[in-house]
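# Descriptive analysis of the structure
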Amino acid sequence: MDDLYDEVETIDLENQRQRLQQDEQAILNDLQHLQDAMRTSEVDIDLEEGDPQIAEREKYQALAANLKKRLRSVQRALAKFDHGVYGICERCGRPIAPARLLAKPDATLCIKCQAEVERLERRGIHYRPPTNFMSAFDIRGDEEV
Ligand SMILES: [Zn+2]
């Protein structure tokens, strides 16, 4: 038994993967709708300041930014499946608690690291996920996206 995976295997990985894929699809749909809505609201070029359409557009942009952030997170979790490291914290390399994964299938950090990252962020230090998160596990040479 590989003890790194002991805990992770107590959850239904295939089910988690399906949830993530459904999430990804739902987010992509939402983004599509949002982009359509933004396009139709772009007809007016000369908007006066204080025009409700400006606030509307800013709202769309904030929503879109949020969705893109979630999408990145979900796709990252899906990529971890492809590399066989789903459910492993990408900061410390330890398993993420199954309860956490069930509540948040796209969690990429264990609860300890998440708390640490949030503590640092409050002090203005931003956590950057490793660009190649596999480097945390010394798995290399995988270029496919
Ligand atoms: Zn961790």
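Remember, predicted model here, so these are calculated numbers, not experimental data.

On a plain count of helices and strands, the protein comes out with five helices and zero strands. Element order for the protein, N to C, with α for helix and β for strand: α-α-α-α-α. Here the protein holds 145 residues, and 13% of them are scored as buried. Look at the contacts in the protein between residues 6 or more apart in sequence, and 57% of them connect residues 24 or more apart.

Locating A99 in the fold gives a position in helix α4 (residues 98–103). For the pair A99 and T10, spaced 89 residues apart in the sequence, the C-alpha separation amounts to 9.9 Å.

Let us now look at helix α5 (residues 111–122). With 12 residues, α5 should cover 16 Å at 1.5 Å per step; its first-to-last C-alpha distance of 17 Å lies within 8% of that length. Summarising burial for α5: zero of the 12 residues are buried, a small minority. Looking one or two residues past α5, G124 carries a phi angle of roughly 85°, positive in sign.

Here the focus is the confidence of the model for the protein. Confidence in the prediction of the protein, expressed as mean pLDDT, is 82, and 77% of residues score 70 or more. Mean pLDDT values over the elements of the protein span from 55, in helix α1 (residues 3–6), up to 95, in α5.

The next thing to look at is helix α3 (residues 52–82). Given a rise of 1.5 Å per residue, 31 residues ought to cover 45 Å, and the 45 Å separating the end C-alpha atoms of α3 matches this to within 8%. Those residues of α3 that fall on the buried side of the exposure criterion are V74, A77 and K80. Phi turns positive one or two residues past the end of α3, at G84, with a value near 75°.

What counts and what doesn't
- Residues numbered from 1 in each chain as written.
- Predicted model: local features only at pLDDT ≥ 70, side-chain atom pairs only at ≥ 80, totals over all residues.
- Helix = DSSP H or I, 4+ residues; strand = E, 2+ residues; numbered from the N terminus.
- Buried ≥ 20, exposed ≤ 12 C-beta atoms within 10 Å, placed from the backbone.
- Contact = placed C-beta atoms within 7 Å.
- Expected span 1.5 Å × (residues − 1).
- pLDDT = per-residue confidence, 0-100.

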